[in-house]
Amino acid sequence: MIPGLQGIDHIHVYVPDRPQAEKWYREVLGFERVAALEDWSAGGGPLTIQDANGTTHLAVFEREMPHNHATIAFKVDGEGLLGWQHHLSDALNTKIDLVDHDSSWSIYFSDPYGNPFEITSHEYAWISEHREATL
């Protein structure tokens with residue numbers, strides 16, 4: 001059985017100047033920094049911003065623009081992430097690893113055409129406790 005998704009968690013956005021982009025997203029779309037995720041922006045990681053409702057998140061990376069590839073990150077709960085890990089490992093016939101982001105866990109994969117996808121859960125403690133049992 002294919003596990004369910006709970007929506008899109010965030011979309012990766014690539015910009016040549018992150019401070020300038022942050023200003024634009026704030027002034028034009030009302031996006032503000034997510035304080036709880038600011039540590040990620042150090043060392044080239046994403047600056048996570050969200051709309052006023054906190055329901056739409058963008059992960060803003062400062063780097064060269066990739067060739068027409070956006071990464072869509074789907075949202076799931078902890079159990080769903082482990083279910084997706086097993087399903088995708090079987091469906092894609094390859095090992096799918098969990099990636100620890102210190103406050104969330106993700107898995108990454110691509111379609112046959114090179115379009116990247118991510119599935120993320122913010123149930124960090126639950127996954128940290130249960131992931132070993134599923135390996």
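Now for a look at the structure at hand. By convention here, each chain's residues receive numbers from 1 onward along its written sequence. Given that the model is predicted, a residue must reach a pLDDT of at least 70 before its local features are reported, and side-chain atom pairs must reach 80 or more before they are shown or counted; all residues, however, enter totals for whole chains, interfaces and linings. Water and hydrogen atoms play no part in the side-chain values, which are based on all heavy atoms of the structure.

Remarks on the nonpolar core
Filter applied, for reference: To qualify as a nonpolar core, a set must consist of buried Ala, Val, Leu, Ile, Met, Phe, Trp, Tyr and Cys residues joined through side-chain atoms within 4.5 Å. Only protein chains enter the accessibility calculation, which uses a 1.4 Å probe; a residue whose area is less than 20% of its type maximum is buried, one above 50% is exposed, and one in between is partly exposed. In this description a helix means any DSSP run of H or I spanning at least four residues, a strand means any run of E spanning at least two, and both kinds are numbered starting from the N terminus. In this description, contact between two residues means that some pair of their heavy atoms is separated by no more than 4.5 Å.
Core analysis: the biggest nonpolar cluster contains 13 residues, and Leu81, Trp84, Leu88, Leu98, Ile107, Ile119 and Ile127 have the highest contact counts within it. Breaking this core down by element, the ones donating at least two residues are helix 2 (78-91) and strand 7 (105-110). For this core, the leading source of residues is helix 2, giving four residues. Excluding anything up to four places from it in sequence, Leu88 contacts Asn93, Thr94, Ile96, Ile107, Phe109 and Ile119.

A short note on the packing of aromatic side chains
To keep things clear, this is the line we draw: Side-chain rings of Phe, Tyr and Trp (the six-membered ring for Trp) are treated as a pair once their centres are within 6.5 Å; stacked means planes under 30 degrees apart, edge-to-face means over 60, and tilted covers the remaining angles.
Across all of its chains, the model carries six aromatic pairs by this definition. Ring geometry for Phe74 against Phe117: centres 6.1 Å apart, planes inclined by 10°, an arrangement best described as stacked. Of this pair, Phe74 sits in strand 5 (residues 72-75) while Phe117 sits in strand 8 (residues 116-121), placing them 43 residues apart in sequence. A residue is classified by how much of its surface remains accessible, and Phe117, at 22% relative accessible area, is partly exposed. Consider the rings of Trp105 and Tyr124, whose centres lie 5.7 Å apart with planes at 15°: the pair is stacked. One end of the pair, Trp105, is in strand 7; the other, Tyr124, is in helix 3 (residues 124-134), with 19 residues separating them in the sequence. For Tyr124, a relative accessible area of 23% translates into the label partly exposed. Put simply, the rings of Trp24, Tyr25 and Phe31 touch in pairs and so form one group of aromatic residues.

Topic: the sheet that holds strand 6 (residues 99-100)
Where strands meet in a sheet, backbone hydrogen bonds hold them as pairs that are either parallel or antiparallel. Using the following cut-off: The pairing criterion for strands is at least two bridges between them, as found by DSSP. Angles run from 0 to 180 degrees between N-to-C directions of axes, and those axes are lines fitted to C-alpha atoms, restricted for helices to the stretch in contact.
Sheet architecture is open: eight strands sit in the order 2-3-4-1-5-8-7-6, paired in mixed fashion. Each edge of the sheet is formed by a strand with only one pairing partner; in this case those strands are strand 2 (32-33) and strand 6. In this structure, strand 5 lies alongside strand 8, joined through four bridges in parallel fashion. When the bridges of strand 8 are listed, Phe74 appears paired with Ile119. Contacts between helix 1 (residues 18-29) and the sheet are confined to strand 1 (8-15), strand 2, strand 3 (47-50) and strand 4 (57-62), with strand 4 contributing the most and set at about 155° to the helix.

Some points on the pairing of strand 7
Strand direction decides the pairing type here: strand 6 and strand 7, joined by two bridges, are antiparallel. What sits directly across from Asp100, in strand 7, is Trp105. The antiparallel hairpin formed by strand 6 and strand 7 contains four residues in its connecting segment, where Asp102 sits at a positive phi of about 70°. Where strand 7 lies against strand 8, six bridges are found, and the strand directions are antiparallel. Directly across from Trp105, in strand 8, lies its bridge partner Ser121.

Regarding the pattern of salt bridges
This is how the line gets drawn: Here a salt bridge means any side-chain nitrogen of Lys or Arg lying within 4 Å of a carboxyl oxygen belonging to Asp or Glu.
Using the criterion set out here, one finds four salt bridges in the structure. Among the salt bridges present, the one from Glu22 reaches Arg33, with a minimum N-O distance of 2.6 Å. One end of the pair, Glu22, is in helix 1; the other, Arg33, is in strand 2, and eleven residues separate them in sequence. Here Lys23 and Glu27 are joined by a salt bridge, their closest N and O atoms 3.4 Å apart. Here Lys23 pairs with Glu27, and both are found in helix 1, just four residues apart, close to one helical turn. Since its relative accessible area comes to 43%, Lys23 is described here as partly exposed. Residue class for Glu27 comes out exposed when judged on its relative accessible area of 56%.

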